[in-house]
Amino acid sequence: KIDVINPNKGFVVGGLDKTFILEPKQSHSVDVTFIPTDVRIYTLELKLRVQNNSFENTIIACSGEGYVSDVIVENLPDETEDLTFGESPVGVPKQIDFSLSNQCSSTIRYEWKGTNEFSLSPTIGYIPPKSSKKISSTFKTAEPRSLRNVSLFAKLSKIKFITPCNEEWDSSLKHKEPEPGYKSLEELKNIEIKASATSDYAKYELKHGNIQFKSTLMFQSRVFNLPIKNTSNATIECHWQIEQDEEEKTPFSVEPRKSVINANDTSFVNITFAPLEAAQFHGKLTGQISNLHPNVKQPEVEIIAHSSRPLCHFELPESDYISGGRRNPELKGPDGKLGSLDPRTRVIEFKSCGIKTKNFKRFYIVNPTNVSYEFHWECEDPAKNQIQPFRCLTKKGLILGGKKFEINFEYLPTELGTKESFWTFHIPDHNISVVFLLVGFAEEPEVFLEKTYINFNSLLVNKKSVEIVNLVNAEDTPFQFQVDRSYLGSEEKVWDISPSKGTIPPKSQVPITVSFCPLQEKKFQQTIGFVIHKKPSMVTLNTKGEAYAIHDLLSTEDEMGSPILLSPITVNEMNVGQVQVNDTRTKKVVIENQSKFPFDFSWKQPKISPITISPELGTVGRGEKLECSITFQPKKTISLEGFKFYCKITNGNTYNFNLTAKAFIPALHFNFISHNFGPCFIHRQGLSPIEKILRITNNENVEISLDCLFKPKPHLEVHFTPTVLGCGSSIEVTIHFMPKSEQSYDEIVPFDVNGLQTVEVRIFGEGSRPKIELVEEDKQIVNFGAVRTKNSSSVIVSVVNRSKRVAIIDLSISVKELASCDIMFSPNNPEIKLKPKEVLPLKIIFEPKTRLISFSKDLMMSVEGLIRPLLSIRGMGQGVEMKLETDVMTFGAVVQNGASSQRLKLSNIGDVGTQFKWDTSAFGTDFSITPSEGYLSAGMDVLLKITFTPTQISSDIRYKDLKCVVEGLPDPILLTLVGSCVAQSENETIIFKTPVRKRLSKTITLTNTSINTWRIKPIFDNDYWSSPKASHKLATGQTAIVEIIYCPLTMTSDKNEHKGSVFFAQPDGGGLLFNLVGISIPPLATNHITRIIPSKTPYSQMLPVQNWLQQPQRFKATIEIDNQDPSVSLKGLDYIDVPALGERQFKVNFFSFKEGVVNCKVIFTNESTKEYSFYTLSFTTTAPNILETIELETPTRRLISHNITLDNPLPNIVTFNLTCDNEDMTFPSSVSCNPGSQIKIEISYLPLIAKEATGRLTISSPQLGIYLYDLKLKSTSAGNERAIHYKAGLGSKQVQAFRFINFVKAKTEYHCSVDNEDFLVDKSIIVPSGSGGNEVVVDICYEPSKLGDSKANLKIFSEIGGEFNCCLFGHCTLPQPQGPIIIKGGSTINVPIFNPFFKPTNFSFNLDNSHFSVKPNEINIPPKKSSSISLSFKNGPSATATGKLTVVSEENSAPWIYYLKGVSP
């Protein structure tokens, strides 16, 4: 039984005051529900009482804490915290609704984040304060899925709506309204809900396709259990039916009609064959399963059965009294012998609630034939002539053909228990006899009290306590009851029971009111009996209570601290005196309890009271004192005279009080208690703060302690030092206001007066940014555009002060910088005051004096120390300007009547286009220029072609200051042309032959035969030839060697050679001309590259491809391999684009499976010009590197596997052979891989001993070479095997087997050890040789030596088989009583006594019955040994006697109990 020690409204305990019985190994649960009503910690103590064993009472402590969350999730299914959708068909949505409840006073905005499978609606919404919002969650998938604990989050925030709106808006509204505007006040912790669901197609497994019933008699039935297994991951429903013709009804039925089968579970369908005619029957069982997998058919089962006609049929329900093993085998049969009965014996069962009650059993006998016959019943009991509880009311009769006959038996029990009677049914005409067993069960009516114990606890004398207990009738018949008042005796006036008699309806209960009213101070204990009609035993109710009286005493102290007793009769005066406002004065009152039991007290005073009493109510324990504080702490001036309050002792005296007190405030003057600084500009480093002085004056006639409690803040500082202000003196307090941001400030500056009173000074202010802006925002950029030089342009912009106070601005910062761009503005004073909303006109003038390029300058201003741009000024000064590339052009020596041309660039670097014109008449006959005139736009260039065609030999032909007139320029552009004319010489031919793009040089020797120094320069007529030195200087008689270089870019043919000439002009006007002929043959290899690479290692070779032309080229890449091998791969891009005179890298990817040498050529061809270049490459492949290091780590004796993937790129089958140098590795010796496919090879590691090792795995193939893998192996301890738990009483033992698997194939010895002496094991075991993987069994014995728990570690070790560890847990219980030991009178019997301890121990023996004796009375037994004692029995007055032998050891352990039974001969 469970009782509550300290009741608490926060807990609800089920099953209180009910007694329950626990059978061995049985458990019972009691529901304790925690329902907090406010935020605090709750505690509860329960007491578990064991009947007739007070030493087993247990205290159970319960605690809980109530809390409030802003938003909670409610109405989840089954009161869980998760969304469990269970199982659903694929594609069918399943919905679960729940609620979000807003517990706070602000509106909550939520936003759900779902998944593809789980959706929530509405996704976004609002929850008004103290209300709820319904949320619908839906699970739907398009394919089978199994999801567990998927997190669904809701983002929460407290918000405030900006404008009036629909506060219940959410995203699921039919009319798509926009979300209302809101302001977020506080972000709350996200709500997380775990969702789980499974979706799958329905699939099943049905092993039986047809059913064949055995031959069955009419009116009988046979049942076939058809198993059907659900092989899917979702619950399926199958609706069953038997297909039958409309004209003929089949005798088949199916139960249940609907099968609900859980995932991967099996259900049984019962198919019943109950024929009413003799015939052959056929039927079909069909099932209908929804959401069935498309490839699965609906279930169908063919049914075949046959029936025959019996002579008679008993319409009796089947009974399992015999077949179910419910019958006691010690009961006799119809022949009077013990033993089992024929299971075909028909059984008729009776159940009687109570005794002396008639019970009837009626049934029919059917004659299915067309012939009538007589019958009779005969009782087969040995004592059938005695009065029997069974009687047949229809002992004989005639049953007509095709009719029924009703049989009636009566059962009238006289005692509780089971009774049997055998009867035989006879049909004489057909010589038929059927044995029947009549069984009667007489049970005590289940009428009981809902609780059998009432504790009224402590109750005041003459007070009344009432408890209600229900008298329960769990039977189907009514029962009468009456209170047996003989139990009450002399205490009848103390106890009252109502009603004292009555009737309990079936399956109902009657409340019984029990009243307890004690008349004197003492303890009461009473048993109340209830007599139940037809119930042999009486129902009793045990009651208990205690009466007590209250004895209270109150006292206080006077001014000297002496105690003063307070009177409950007169009014008690209490004077507090004068108290400063916010000061505290306290009086103490002591409440003393001189009673035997605690009592409660409470103080009562007006609702509006200047005093506080603590504690205001409470409980004073027995013999204890409690001190109450009466505190006067005025908040304002007040005068109390005769303020009344009182203390009430529950069920005791009342003490009345009158209080006298007075409160006052010190006289302290502040020159202001509120000051508004108004709008102030945001404070910055280096600026002076805004200041205000506060004056405080003491007008009191005593000193006053003054302190400022305000802590400095970035925007407000109060400069004050705690002080004592003398009488009539004053103090000044400096307050600095320094706003840091654009906002309103409202601060309270508290001043503490004498530590009791606070005077608050309120400071207002506003932070404001200086807003000096342009009236027209589009004039942030003043763009003057292009202004011609010596012209001017002006703009007026308006500057406004949008600040809340006067602003001082400085516009002199940018005067110098803008003047450099010919910009002036006014006003430009360093200090300009602008009132709020005042507008300042600012005039800006741009007057370029010279041409200016486009510029952008900022007009800067300073406002309150902050420098920033006011606006940006853009513009440019336009003018005309043209320039020649050079003003002197030299043509050198030109052969007479020859011609030489050069280009000269004329550029317009001005801002406007203009006309130009050359004076062509000044060029004479030696020079000409084109074009000679034209129009040139701004920023454009024109190339002028000047041709030198001398006709007369001259060493210096010079034209100076040739004029070009430009419109808009005051002065013309001047140009000087210089040249010379020489005579021609005889030609010499020089032939060059080289591979294309291969440089070839030859020399020409020149000798200066004149008396003047020569400075000669080679002049070529095309680009095929060049000279590294631009000119040569030769003194008289000196010889110079001139290098001529031929570097062709294209190949030549026999008919298309490169031809040209080189000319050397001599200072004397002569010249040397040489004819040049070039032959370009196919190119050589750009480079020959040799590489050594490990096989099976990808390698990339970069080849630089150069473009020798001044235009982009596209090359086609061709790779030619000598002796192509399919195990070799050499690949690259098909084309590569190279920019003019540039270079690109071409990547060649090389891979070879096996060792060898590969030679190849990579050719780059321009398909348009047929020009090409090429590389030759030679790759030598060596043995492969380690392809991979495979790390395998596993506990010992646990297999771990790893897959190696190999590719076969060849067009034929490849065989791989595997070898390894580590014995713990297992793998196939060889595998084959089909052409162009992939294969996975599984290798396994099974270590027996913890260690770290390495190995080398080699995979070889004739076609693909060798594959090398390093193995890094680590085996850790396998840890402990499954623990073995023992439970044995002290002095006994228990043996259990430890099993392990031996993987060693050879004969092995394992050594066994255990580290606790309470456990015993063999030191070693020999395991014979085998195939490995054999189970080994080791027996461990637990023989405890002390009570309680013990632990041991079992270790089984072999150097080659590894180590096995197992934790052994032993629990030693108290010794169980043994016996009974039967001793015949006058004889002696020896009883062994075992010493479970590890040292010699003395044991003493005690008997509780003098008819038994023991020898010796004390004995010393060696450790872990047994000794015998002698027990004898002396005949007594009765035939038998019982006793108990108690064995106690000197170890003070629990005693051993032996039950003794003495039998007289």
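Residues numbered from 1 in each chain as written. Predicted model: local features only at pLDDT ≥ 70, side-chain atom pairs only at ≥ 80, totals over all residues. Heavy atoms only, no water.

So, about the side chain of Asn 408. With respect to the helices and strands, Asn 408 occurs in strand 32 (residues 404-411). Excluding residues within four positions of it along the chain, Asn 408 makes contact with Phe 360, Lys 361, Arg 362, Arg 391, Cys 392, Leu 393 and Thr 394. (Helix = DSSP H or I, 4+ residues; strand = E, 2+ residues; numbered from the N terminus. Contact = heavy atoms within 4.5 Å.)

Residue Glu 255 is joined to Pro 256 through a cis peptide bond whose omega torsion reads 0 degrees. The omega angle of the peptide bond from Ser 498 to Pro 499 is -5 degrees, so this bond is cis rather than trans. Positive phi is not limited to glycine here, since Lys 507 has a value of about 50 degrees. Inspection of the secondary structure puts Lys 507 in the loop between strand 40 (501-504) and strand 41 (508-516). When its relative accessible area of 58% is taken as the criterion, Lys 507 is described as exposed. One non-glycine residue, Asn 582, adopts positive backbone phi at about 75 degrees. (Buried < 20%, exposed > 50% of the residue type's maximum accessible area, 1.4 Å probe, protein only.)

What tends to happen in soluble globular proteins is that the nonpolar side chains get buried as a cluster. Core analysis: the largest hydrophobic core is formed by 45 residues, its most contacted members being Phe 1298, Phe 1300, Ile 1356, Leu 1368 and Phe 1405. Every residue in contact with Phe 1405, bar those within four places of it in the chain, is listed here: Ile 1393, Val 1414, Pro 1416, Asn 1417, Glu 1418, Ile 1419, Ile 1429, Leu 1445, Thr 1446 and Val 1447. Membership of the second largest hydrophobic core comes to 31 residues, among which are Tyr 548, Leu 566, Ile 613 and Phe 643. (Core = buried A, V, L, I, M, F, W, Y, C linked by side-chain atoms within 4.5 Å.)

So, about the sheet that holds strand 118 (residues 1418-1421). Here we have five strands laid out as an open sheet, ordered 114-121-120-116-118, and mixed in their pairing. Of all the strands in the sheet, the pair left with one neighbour each is strand 114 (1378-1384) and strand 118. Strand-to-strand twist in this sheet, taken as the mean axis angle between neighbours without regard to direction, amounts to 25 degrees. Pairing of strand 114 with strand 121 (residues 1456-1463), which is carried by five bridges, proceeds in the parallel orientation. Paired with Ile 1383 across the strands is Gly 1462, a residue of strand 121. (Pairing = 2+ DSSP bridges. Axes fitted to C-alpha atoms, helices over the stretch in contact; angles between N-to-C directions.)

Strand-to-strand pairing in sheets goes through backbone hydrogen bonds, with the strands running parallel or antiparallel. Pairing in this open sheet of five strands is mixed, and the strands run 98-105-104-100-102 from one edge to the other. Whereas interior strands pair on both sides, the edge strands pair on one side only; in this sheet they are strand 98 (1186-1195) and strand 102 (1230-1233). Ignoring strand direction, the axes of neighbouring strands in this sheet form an average angle of 25 degrees. Sheet analysis places strand 100 (residues 1214-1220) next to strand 104 (residues 1251-1261), joined by four bridges and oriented antiparallel.

Glancing now at the pattern of salt bridges. Here the idea is simple: oppositely charged side chains can pair when their charged atoms come close. Counted according to the given criterion, the structure contains 41 salt bridges. Ionic pairing is found between Asp 746 and Arg 762, a salt bridge with its closest N-O pair at 2.3 Å. Separated by 16 residues along the polypeptide, Asp 746 in strand 61 (residues 744-753) and Arg 762 in strand 62 (residues 757-768) bring together distant segments of the chain. Assessed through its relative accessible area of 39%, Asp 746 is described here as partly exposed. For Glu 817, the salt bridge is made with Lys 857, and the minimal N-O distance between the two is 3.8 Å. (Salt bridge = Lys/Arg side-chain N within 4 Å of Asp/Glu carboxyl O.)

Before going further, it helps to spend a moment on the environment of Gly 209. Structurally, Gly 209 is set in the loop between strand 16 (204-206) and strand 17 (210-212). Under the relative-accessibility criterion, Gly 209 is labelled partly exposed at 45%. For the pair formed by Gly 209 and Leu 285, sequence separation is 76 residues and the distance between their alpha carbons is 9.9 Å. Apart from the residues within four sequence positions on either side, Gly 209 is in contact with Glu 300, Val 301 and Glu 302.

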